[in-house]
Amino acid sequence: MKAQKDDWYKHGWTLDIKNQSWVEDTENQVDFIIKTLRLTGKERILDLACGYGRHTLSLARKGYPVVGVDITPEYIDDARKTAKTESLNACFINSDTRAVRFENEFDVVLNLADGAIGYLETDEENLKIFDAVSHALKSGGKHFMDICNAEHAEHYFPRSNWEAGEKALALAKFEWDEKTHRMLYGGCDIPYGIPAEKPDITTGDPTRLYSIAELNSILQQRKMNIIHTFSNHYGKEASPQELQLLVYSKKQ
């Protein structure tokens with residue numbers, strides 16, 4: 001297990017993630033969100049912890065006015081260049097998600113590929129992301145998050161996982177800190193077409209995970225109600241047997 005830094009989420013992000021296998025499902029993910037939330041094309045959308053804007057840009061290409069926020073300057077610079085090149089209605093802000101100050105401005109807020117949920121130093125700081133979501137949403141607005149399921153971690157960690165993408169084999173290792181409810185993750189990619197070397201995968205980068213019951217309480221305290229939960233972007237119902245947890249909720 002590698003040494004853990006409380007502010008790990010501020011460092012180490014590069015555009016190399018564009019080559020990772022989980023990026024390949026972006027368009028299907030966006031289509032699933034549009035279908036599940038019954039979006040019409042007119043909704044103003046906020047994408048928190050948007051990375052290099054893969055979902056934000058996809059939505060903009062489909063005609064949605066979107067705003068993406070991310071803490072990594074390299075990601076925001078890349079997203080802005082893409083939006084400018086394609087003349088898209090997409091705005092990108094380089095900021096910690098806790099620092100955004102939107103009030104009743106958006107029809108939809110997204111936290112995808114974790115969306116920084118659970119990344120922060122303490123439980124109190126992590127709750128500030130949910131505050132940012134609630135403040136940004138209009139009454140009746142919709143929230144969609146894609147995170148990892150604490151109930152799965154409690155029952156099935158430690159575990160390893162592999163995924164064969166189009167460009168590389170992705171290997172991942174997961175451990176569980178029961179006391180803090182934090183997942184410890186480590187991973188690497190083995191590109192195709194070149195000699196492979198034995199990977200050294202160490203876990204760290206602690207992420208606070210939540211159960212559906214915890215999320216229900218957190219959201220209700222912010223006048224939001226869970227509408228549906230899934231375990232993938234194909235509509236499979238949420239289950240402790242699945243690591244992925246998708247949660248669709250609405251603000252009262």
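Description of the structure in this document. (Residues numbered from 1 in each chain as written. Predicted model: local features only at pLDDT ≥ 70, side-chain atom pairs only at ≥ 80, totals over all residues. Heavy atoms only, no water.)

A count of helical and extended segments in the protein chain gives six helices and 11 strands. In terms of overall size, the protein chain behaves like a compact globule, its C-alpha atoms giving a radius of gyration of 18 Å where 252 residues would be expected to give roughly 18 Å. Overall, the C-alpha framework of the protein chain stretches about 50 × 45 × 35 Å when taken along its three principal axes. A buried classification covers 49% of the 252 residues belonging to the protein chain. Residue pairs at least 24 apart in sequence account for 65% of intrachain contacts in the protein chain once pairs closer than 6 positions are excluded. (Helix = DSSP H or I, 4+ residues; strand = E, 2+ residues; numbered from the N terminus. Rg over C-alpha atoms; globule rule 2.2 N^0.38 Å. Buried < 20%, exposed > 50% of the residue type's maximum accessible area, 1.4 Å probe, protein only. Contact = heavy atoms within 4.5 Å.)

When we look at a pair of aromatic rings, we describe it by the centre distance and by the angle of the planes. For the structure shown, the criterion picks out 12 aromatic pairs. Look at Trp-8 and Tyr-119: their rings are 4.7 Å apart centre to centre, the planes differ by 50°, and that puts the pair in the tilted class. Taken as a pair, Trp-8 in the segment before helix 1 (26-36) and Tyr-119 in the loop between strand 4 (106-111) and helix 4 (123-136) lie far apart in primary sequence, 111 residues in all. Assessed through its relative accessible area of 10%, Trp-8 is described here as buried. Overall, the relative accessible area of 10% leaves Tyr-119 in the buried class. Seen from their ring centres, Phe-157 and Trp-176 are 6.5 Å apart, and the 75° between their planes marks the pair as edge-to-face. Of this pair, Phe-157 sits in the loop between helix 5 (150-156) and strand 6 (159-164) while Trp-176 sits in strand 7 (residues 168-177), and the two are 19 residues apart along the sequence. Taken as a pair, Phe-157 and Trp-176 share a single burial class, namely buried. Put simply, the rings of Trp-8, Tyr-9, Trp-13 and Tyr-119 pair up and form one aromatic cluster. (Phe/Tyr/Trp six-rings, centres within 6.5 Å; stacked < 30°, edge-to-face > 60°.)

Turning next to unusual backbone geometry. Backbone torsion omega between Phe-157 and Pro-158 reads 0°, so that peptide bond is classified as cis. The topology assignment puts Pro-158 in the loop between helix 5 and strand 6. Phi angles above zero are rare outside glycine, and Asn-104 is one such case at about 55°. A positive phi is found at Lys-223, a non-glycine position, where the angle reads about 60°. According to the relative accessible area criterion, Lys-223 is exposed, its value standing at 56%.

What follows deals with the environment of Lys-236. By the element assignment, Lys-236 lies in the loop between strand 10 (224-230) and strand 11 (244-251). Residue Lys-236 is classed as partly exposed on the basis of its relative accessible area of 43%. Taking the C-alpha atoms as reference points, Lys-236 and Leu-246, separated by 10 residues in sequence, lie 9.8 Å from one another. Beyond its immediate sequence surroundings of up to four residues, Lys-236 is in contact with Phe-230, Ser-231 and Glu-242.

With mixed pairing, the seven strands of this open sheet are ordered in space as 3-2-1-4-5-11-10. Each edge of the open sheet carries a strand with a single partner, namely strand 3 (90-94) and strand 10. For this sheet, the mean inter-axis angle between neighbouring strands, taken without regard to orientation, is 15°. As judged from the six bridges shared by strand 10 and strand 11, these two strands associate in the antiparallel manner. Paired with His-228 across the bridge in strand 11 is Tyr-248. (Pairing = 2+ DSSP bridges. Axes fitted to C-alpha atoms, helices over the stretch in contact; angles between N-to-C directions.)

A few words on helix 3 (residues 73-86). Its 14 residues give helix 3 an end-to-end C-alpha distance of 20 Å, which sits within 8% of 20 Å, the value for a rise of 1.5 Å per residue. Taken together, the buried positions of helix 3 are Tyr-75, Ile-76, Asp-78, Ala-79 and Ala-83. Take helix 3 and look down its axis: the buried residues cluster within an arc of 165°, on one side only. Of the exposed residues in helix 3, those oriented more than 90 degrees away from the buried face are Lys-81, Lys-84 and Thr-85. In this structure, the buried residues of helix 3 make contact with helix 2 (54-61), strand 2 (66-70) and strand 3. (Expected span 1.5 Å × (residues − 1). Arc of directions from axis to C-beta.)

Further remarks concern helix 4. With 14 residues, helix 4 should reach 20 Å at 1.5 Å per residue; the first-to-last C-alpha distance of 21 Å fits that figure. Taken as a whole, helix 4 has its buried residues at Glu-125, Asn-126, Ile-129, Phe-130, Ala-132, Val-133, Ser-134 and Ala-136.

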